[in-house]
Amino acid sequence: MAPTSPRLPAPPKDTPTFSPEKTSVVYVLGGPGAGKGTQCANLVRDYGFNHLSAGDLLRAEQDREGSEFGQMIKDYIKDGKIVPMEVTVQLLENAIQDINGGEGRFLIDGFPRKMDQALKFDESVCPSKFTLFFDCPEDVMTERLINRGKTSGRADDNEESIRKRFKTFVETSMPVVEHFEKQGKVVKVMATKSPDEVYEEVKKAMGQRGFQMKQ
Ligand code: UP5
Ligand code: MG
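Residues numbered from 1 in each chain as written. Chains lettered and ligands numbered in written order. Predicted model: local features only at pLDDT ≥ 70, side-chain atom pairs only at ≥ 80, totals over all residues. Heavy atoms only, no water.

### Notes on helix α6 (residues 138-152)
Here's step 1: Taking 1.5 Å of rise per residue, the 15 residues of α6 would be expected to cover 21 Å, and the 19 Å separating its terminal C-alpha atoms lies within 8% of that figure.
Here's step 2: Of the residues flanking the end of α6, it is G153, one or two places downstream, whose phi is positive at about 75°. (Helix = DSSP H or I, 4+ residues; strand = E, 2+ residues; numbered from the N terminus. Expected span 1.5 Å × (residues − 1).)

### Considering the sheet that holds strand β5 (residues 186-190)
Here's step 1: With parallel pairing, the five strands of this open sheet are ordered in space as β2-β3-β1-β4-β5. Among the strands making up the open sheet, the edge pair consists of β2 (49-53) and β5. Between one strand and the next, the sheet's axes are offset by a mean angle of 25°, whatever the strand orientation.
Here's step 2: In this structure, strand β1 (residues 23-30) lies alongside strand β3 (residues 104-109), joined through six bridges in parallel fashion. Opposite S24, over in β3, you have R105 as the bridge partner. (Pairing = 2+ DSSP bridges. Axes fitted to C-alpha atoms, helices over the stretch in contact; angles between N-to-C directions.)

### Some points on the site of ligand 1
Here's step 1: Around ligand 1, the surrounding shell holds 32 residues, and the nearest of these are T38, K81, V83, R148 and R165.
Here's step 2: Within the contact set of ligand 1, an oxygen atom lies 2.8 Å away from a side-chain nitrogen or oxygen of R165.
Here's step 3: Against a free-state accessible area of 1000 Å², the protein chains account for coverage of 86% of ligand 1.
Here's step 4: Of all the secondary structure elements, the ones that give two or more residues to the shell around ligand 1 are α1 (36-47), α2 (54-63), α3 (70-78), α6 and α8 (195-208).
Here's step 5: Ranked by residues supplied to the shell around ligand 1, first place goes to α2 with four residues.
Here's step 6: When grouped by side-chain class, the residues that make up the shell around ligand 1 number 12 nonpolar, 10 polar and 10 charged. (Near = heavy atom within 4 Å. Polar contact = N/O pair within 3.5 Å; in protein donor to acceptor, adjacent residues only side chain to side chain. Areas by Shrake-Rupley, 256 points an atom, 1.4 Å probe, with all protein chains shown as cover. Nonpolar A, V, L, I, M, F, W, Y, C, P; charged D, E, K, R; others polar.)

### A short note on the packing of helix α4 (residues 85-98) against helix α5 (residues 115-124)
Here's step 1: Contact geometry of α4 with α5 gives a least axis separation of 10 Å together with a crossing angle of 35°. Judged by the twist between their axes, the crossing of α4 over α5 is right-handed. Counted together, M85, T88, V89, L92 and I96 of α4 and D116, Q117, K120 and F121 of α5 form the full contact between these two elements.
Here's step 2: Residues belonging to the contact of α4 with α5 are distributed by class as follows: five nonpolar, two polar and two charged. (Left-handed = near helix turned anticlockwise from the far one by under 90°. Contact = heavy atoms within 4.5 Å.)

### Here's the deal with the pattern of salt bridges
Here's step 1: With the rule as written, the count across this model stands at 14 salt bridges.
Here's step 2: A salt bridge links D157 to R148, with the shortest nitrogen-to-oxygen separation between them at 2.9 Å.
Here's step 3: For D157, a relative accessible area of 8% puts it in the buried group.
Here's step 4: When the shortest N-O distance is used, the salt bridge between D157 and R165 registers 3.1 Å. (Salt bridge = Lys/Arg side-chain N within 4 Å of Asp/Glu carboxyl O. Buried < 20%, exposed > 50% of the residue type's maximum accessible area, 1.4 Å probe, protein only.)

### Quick look at the packing of aromatic side chains
Here's step 1: This structure, assessed with the given rule, holds six aromatic pairs.
Here's step 2: Pairing Y27 with F111 gives two aromatic rings, centres 6.3 Å apart and planes at 65°, and the pair type is edge-to-face. Residue Y27 is found in strand β1, and its partner F111 is found in the loop between β3 and α5; the two are separated by 84 residues along the sequence.
Here's step 3: Assessed through its relative accessible area of 0%, Y27 is described here as buried.
Here's step 4: Overall, F111 belongs to the buried group, its relative accessible area being 0%.
Here's step 5: Each member of the aromatic cluster is reached from another via a ring pair, and the members are Y27, F111, F121 and F180.
Here's step 6: Lying over the aromatic face of Y76, K81 brings its terminal NZ or CZ to 5.3 Å of the ring centre.
Here's step 7: Across the ring face of F49, the terminal group of R105 is positioned such that the distance to the ring centre comes to 5.7 Å. (Phe/Tyr/Trp six-rings, centres within 6.5 Å; stacked < 30°, edge-to-face > 60°. Lys NZ or Arg CZ within 6 Å of the ring centre and 35° of its normal.)

Structure follows, in structure tokens:
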């Protein structure tokens, strides 16, 4: 997909851009390397979801020639910090709009990972149906990321960046999960088993929330 430029600053709005009747948004959260992207691929295949990874959109914007945010995004990602929300929210909104005018099912992977993003997206882009949360201990995630780092080319798949990503996840992103949990909007899946076994749990979670496989 061609990267789209964020149109900034986003104007303040009273109602979300996309109506939850036509646009189904499911947030996919979990620590770095928990398997969000891996499981999203299964859901795209079987449930007709569109997959939007906030990290992938930021990396595409970082590499886009002429982007005024390129260097900033690069620095934030290497440090495992959360890029200022205006950039990410606008990239996501543009990407949703670019797919069928925003109608359909969307997995928003790796977002929202800070409270301000969660409030802003729900209020001005589209309220989410629920959050699929992958629970995974740090030692398992570390092993997966170090392994992936041998071939991924990702600037943050190294020990130092991984440590910083974990810190941000615990301090900044877990409060978002707790916020949605209080609203009864989180389904937790243990992510330690094999990808196929984890997917069996994911399918149960989707069923619980009223999402059926496509025919
Ligand atoms: N793997 C997957 N599942 C497995 C299983 N069950 N058993 C064994 N191995 C398994 O998987 C990671 C690796 O593990 C792969 O090699 C896979 O084969 C294997 P993957 O599915 O890629 O895990 P995922 O959870 O997607 O890991 P990722 O590294 O993408 O998570 P992050 O949340 O760290 O990365 P993201 O791209 O979302 O964000 C990167 C950075 O962008 C952030 O740190 C931040 O700086 C920035 N960002 C923002 O600033 N704002 C945002 O809103 C979002 C991101
Ligand atoms: Mg990912």
